[in-house]
Amino acid sequence: MELKELPCDAPAVGEERAGILCRWAREEDMPAACACTDDAEPGFTRYYADKTLYVPGNPSRALVAECEGGVRGVLIVSRETEGKGLGSVGCTAVANAWQGRGIASRMVLTGTRSLRDSGLEQGFLGYTYSGLERLYGRSGYRVSALYFMARKALERND
C-alpha cells in the first residue's frame, strides 16, 4: 500500500485511545510478549523471543498493545528490511481473552503510521492467513497475490 493512503486519524506510537496504548516494546516486555503469542499463535513465539526486536533503532521492532495494565497484543514492525522505502507489519497476535476489542486493528494502524512517519513510502504484508484481509484492510492494505497452503501426510511404501 502507498503509506500516504493511511487514514489520517491513525494513532501514533505512544498515543492511548479507548484504553489501548500501543508502544515500542522494551526488553523487559519479552516474557509478556511471548506469553501473548503462546496463547494466541504459538508459531509466532520464536519471533518474539528474538532480543533484537526490543532494541531501539533496530530495523525490526516489537510493538505491544497494553490494556488494563498488561500486554494484550503484539506486532512486528520492520523498516527497509526488504528494500529501500519499504516497510512491513506482521506477526499480529492478541491474547485470546482480549480478542474482538479492536486491539489488533489498533496495532496495525499504529505500526503502519510509524512506517509512514519515518519517511517510508510503501507498506506490505509478507503474507497473511485467509480471513485476515479485513483486519489489514482497515488500514488500507489490499490483496495483491493469492496463494493456497496445504498439508498432507505422506505414506511410506517400503
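Residues numbered from 1 in each chain as written. Predicted model: local features only at pLDDT ≥ 70, side-chain atom pairs only at ≥ 80, totals over all residues. Heavy atoms only, no water.

S.K.: Break down the nonpolar core for me, with residues and values.
M.R.: Counting residues in each nonpolar core, the largest one holds 37 residues, and the members touching the most others are Tyr48, Tyr54, Val74, Leu75, Ile103 and Met107. Those elements that place two or more of their residues in this core are strand E2 (20-24), helix H1 (30-40), strand E3 (60-67), strand E4 (70-79), strand E5 (86-94) and helix H3 (103-117). The biggest single contributor to this core is H3, with 6 residues. Tyr48 has contacts with Met30, Ala33, Cys34, Thr37, Leu53, Tyr54, Ala62, Val74, Leu75, Ile76, Gly90 and Cys91, leaving out every residue within four places of it along the chain. (Core = buried A, V, L, I, M, F, W, Y, C linked by side-chain atoms within 4.5 Å. Buried < 20%, exposed > 50% of the residue type's maximum accessible area, 1.4 Å probe, protein only. Helix = DSSP H or I, 4+ residues; strand = E, 2+ residues; numbered from the N terminus. Contact = heavy atoms within 4.5 Å.)

S.K.: Give a detailed account of H1, specifying residues and quantitative values.
M.R.: Inspection of H1 places Met30, Ala33, Cys34, Cys36 and Thr37 among the buried residues, and these make up the whole buried set. The buried residues of H1 all sit within an arc of 155° when viewed along its axis, so they share a single face. Among the structural elements, helix H2 (45-48), E4 and E5 are those in contact with the buried residues of H1. (Arc of directions from axis to C-beta.)

S.K.: Tell me about the side chain of Thr37, residues and numbers included.
M.R.: If you trace the backbone, Thr37 turns up in helix H1. Overall, the relative accessible area of 0% leaves Thr37 in the buried class. With near-sequence residues (within four places) excluded, Thr37 lies in contact with Pro42, Phe44, Thr45, Tyr48, Val74 and Ala93.

S.K.: Which residues make up unusual backbone geometry, and what are the values?
M.R.: Phi angles above zero are rare outside glycine, and Glu68 is one such case at about 50°. Here Glu68 lies in the loop between E3 and E4. In this model, Cys91 sits at a positive phi of 55°, which is unusual for a non-glycine residue. Topologically, Cys91 is positioned in strand E5. Its relative accessible area of 22% is what places Cys91 among the partly exposed residues.

S.K.: Quick rundown of the pairing of E5? Include the residues and the values.
M.R.: Across the 9 residues that make up E5, a large majority, 7, are buried. Strand direction decides the pairing type here: E4 and E5, joined by 6 bridges, are antiparallel. Among the inter-strand pairings, Gly73 is bridged to a residue of E5, identified as Val94. Here E4 hands over to E5 after 6 residues, with Glu80 in that stretch at a positive phi of 55°. (Pairing = 2+ DSSP bridges.)

S.K.: Before we move on, can you summarise the pattern of salt bridges with the specific residues and values?
M.R.: This structure, assessed with the given rule, holds 6 salt bridges. Notably, a salt bridge pairs Glu66 with Arg23, separated by 2.7 Å at the nearest N-O pair. Of the two residues, Glu66 is situated in strand E3 and Arg23 in strand E2; the sequence distance between them amounts to 43 residues. Overall, Arg23 belongs to the buried group, its relative accessible area being 10%. With a shortest N-O distance of 3.6 Å, Asp117 and Arg116 are connected by a salt bridge. Judged by relative accessible area, Asp117 falls into the partly exposed class, the value being 48%. Judged by its relative accessible area of 24%, Arg116 is partly exposed. In the salt-bridge network here, residues are joined through shared partners; they are Arg23, Asp29 and Glu66. (Salt bridge = Lys/Arg side-chain N within 4 Å of Asp/Glu carboxyl O.)

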